[in-house]
Amino acid sequence: MRELTFIINEEDGGIKIRDYLRKFGVSSSLLTKLKNTENGITKNGVFAKTIESLSEGDILKIRIENSGHMPSPTKRDIEICYEDEDILVLNKPAFVPVHESLNHRGDTLSNFVSYYLKEDTAFRAVFRLDRDTSGLILIAKHELSAAKLAGRIKKDYYAVVQGKISQGAAINLPIARCGESIIKRKVDENGETAITHFQPISVKNGNTLLKIRLETGRTHQIRVHLSHIGHPLLGDELYGGKCDLINRQALHCKTIYFTHPVSGKEITVESDFPEDIKVLI
């Protein structure tokens, strides 16, 4: 259970509770759950209806239940880069899926979070990384955090690609499913809009370390775009990358930037490169 307290200022005096909470980012579905939770919404210590008006100096509290069901817990050595009552940021190793699937039970990030939090609540990864991509993942600890952070996190990816790239650019090419394949994607004029910005950082042994920002979040977007312009990621066998130096795509989500869903503070979380990418750069 997460309890949040709001002290009403002069500007919000006269506003209805439901409108105040919606302005803060409480969704309609969460608002309904709060109304159906015992003491889910109180004003000055007393149960309150959402149609009631607020006055300057009122103390409004909401109690968010962490309802849901976690997968089975699994102990694992995964670095925690940031944590508070509302969010958890992990440095996901390569070869670890984010969610359980038909082929992955008990060996995913969700299983570790279940073990670490020791709560039977929903697993809320605000975004996801491919199984073989390493780097930062943000987990929302309750529904409000998940809703306020979805689609609002900026990420700096780093990739090591084949060949020398001397200047930055943007790739604006649509991406679609490749034939009947469930996994593979390709650049296709009938696909969805996809925009990738990249900037070269350094060159070593004829390969380039790139810093990458995405405007869109299509499946395999970085891998598809860079392969299309003739610079596949090292280790990315699916899209033509050489696998003699690294046995997975050389892609790492190193830094994330976001506004905290409760405090409103601007937060930056950074991670180090994993050893297999350090060797390349």
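Our subject in this report is the structure included herewith. (Residues numbered from 1 in each chain as written. Predicted model: local features only at pLDDT ≥ 70, side-chain atom pairs only at ≥ 80, totals over all residues. Heavy atoms only, no water.)

Our next topic: the sheet that holds strand 1 (residues 2-7). Read from one edge to the other, the open sheet built from four strands follows the order 1-4-2-3, with strand pairing classed as antiparallel. Every interior strand has two partners, whereas the edge strands, strand 1 and strand 3 (46-47), have only one. The pairing of strand 2 (residues 41-43) with strand 4 (residues 59-64) spans three bridges and is classified as antiparallel. Bridging across to strand 4, Ile41 finds its partner in Ile62. Sheet contacts for helix 2 (residues 28-35): strand 2 and strand 4; angle to strand 4, the most-contacted strand, approximately 95 degrees. (Pairing = 2+ DSSP bridges. Helix = DSSP H or I, 4+ residues; strand = E, 2+ residues; numbered from the N terminus. Contact = heavy atoms within 4.5 Å. Axes fitted to C-alpha atoms, helices over the stretch in contact; angles between N-to-C directions.)

This brings us to helix 1 (residues 17-24). Here helix 1 has its buried residues at Ile17, Tyr20, Leu21 and Phe24. Buried residues along helix 1 cover an arc of 95 degrees about the axis, so they all sit on one side. Tucked into the core, helix 1 has its buried residues touching strand 1, helix 2, strand 2, strand 4 and helix 4 (143-149). Within two residues after helix 1, Gly25 carries a phi angle of roughly 120 degrees, on the positive side. (Buried < 20%, exposed > 50% of the residue type's maximum accessible area, 1.4 Å probe, protein only. Arc of directions from axis to C-beta.)

So, about the packing of aromatic side chains. Considering all chains together, one arrives at four aromatic pairs under this definition. Geometrically, the ring pair formed by Phe6 and Phe24 is edge-to-face, given 4.9 Å between the ring centres and 75 degrees between the ring planes. With Phe6 in strand 1 and Phe24 in helix 1, this residue pair connects regions lying 18 residues apart in the sequence. In this structure Phe6 comes out as buried when scored by relative accessible area, which is 7%. Exposure remark for Phe24: the relative accessible area of 19% places this residue in the buried category. Residues Phe112 and Tyr116 carry aromatic rings whose centres are separated by 6.0 Å and whose planes lie at 15 degrees to one another, so their mutual orientation is stacked. With Phe112 and Tyr116 both in helix 3 (residues 109-117) and four residues apart, this pair spans about one turn of that helix. Taking the relative accessible area as the measure of exposure, Phe112 reaches 4% and is therefore buried. Here the aromatic cluster, defined as three or more aromatic residues joined through ring pairs, consists of Phe6, Tyr20 and Phe24. When the ring centre of Tyr115 is taken as reference, the NZ or CZ atom of Lys118 above it lies at 4.5 Å. Just above the ring of Phe24 sits the side chain of Lys148; from NZ or CZ to the centre is 3.8 Å. (Phe/Tyr/Trp six-rings, centres within 6.5 Å; stacked < 30°, edge-to-face > 60°. Lys NZ or Arg CZ within 6 Å of the ring centre and 35° of its normal.)

Next up on the list: the layout of surface pockets. In this structure, the largest pocket occupies an estimated 1300 Å³ of space. Forming the boundary of the largest pocket are 44 residues, of which Arg128, Leu129, Asp130, Thr219 and His220 lie nearest the centre. Among the elements of the structure, strand 9 (154-162), strand 14 (207-214) and helix 5 (221-228) are those that each provide at least two residues to the lining of the largest pocket. Across the lining of the largest pocket, the residue classes tally to 15 nonpolar, 13 polar and 16 charged. Taken as a whole, the second largest pocket spans an internal volume of roughly 150 Å³. Looking at the second largest pocket, it is lined by 14 residues, and the ones nearest its centre are Arg2, Asn66, Glu85, Glu119 and Lys141. For the lining of the second largest pocket, the residue count by class is seven nonpolar, three polar and four charged. (1 Å grid on protein atoms, 1.4 Å probe; cavity = no way out; pocket = protein on both sides within 12 Å on 5 of 7 lines; lining within 4 Å. Points joined across faces, edges and corners; volume = space filled by probe spheres on them. Nonpolar A, V, L, I, M, F, W, Y, C, P; charged D, E, K, R; others polar.)

Here we come to the nonpolar core. One finds Val113, Leu138, Leu226, Ile256 and Phe258 to be the most contacted residues of the largest nonpolar core, which totals 41 residues. In terms of residues, this core owes the most to one element, strand 8 (residues 134-140), which gives five residues. With sequence-adjacent residues up to four places away left out, Leu226 is seen in contact with Val161, Ile171, Phe198, Leu210, Ile212, His231, Pro232 and Leu233. Grouped together as the second largest cluster of nonpolar side chains are 18 residues, Leu30, Leu34, Leu60 and Ile64 included. (Core = buried A, V, L, I, M, F, W, Y, C linked by side-chain atoms within 4.5 Å.)

A few words now on the packing of helix 1 against helix 2. At a minimum axis separation of 10 Å, helix 1 and helix 2 run at an interaxial angle of 130 degrees. It follows that helix 1 is oblique to helix 2 by the angle criterion. When you trace helix 1 past helix 2, the crossing you get is right-handed. Touching Arg18, Leu21 and Arg22 of helix 1 are Ser28, Leu31 and Leu34, all from helix 2. Looking at the contact of helix 1 with helix 2, its residues break down into three nonpolar, one polar and two charged. (Parallel < 35°, antiparallel > 145°, perpendicular 65-115°, else oblique. Left-handed = near helix turned anticlockwise from the far one by under 90°.)

Working definition: two side chains of opposite charge can pair if their charged atoms are close together. Under the defined criterion, the tally for this structure stands at 19 salt bridges. Between Lys278 and Glu275 there is a salt bridge, with its nearest N and O atoms 3.5 Å apart. You can see Lys278 and its partner Glu275 sitting in helix 6 (residues 275-280), three residues apart, about one turn around the helix. Since its relative accessible area comes to 56%, Glu275 is described here as exposed. Connected through salt bridges with shared partners, the residues Arg2, Glu85 and Asp86 form a single ionic network. (Salt bridge = Lys/Arg side-chain N within 4 Å of Asp/Glu carboxyl O.)

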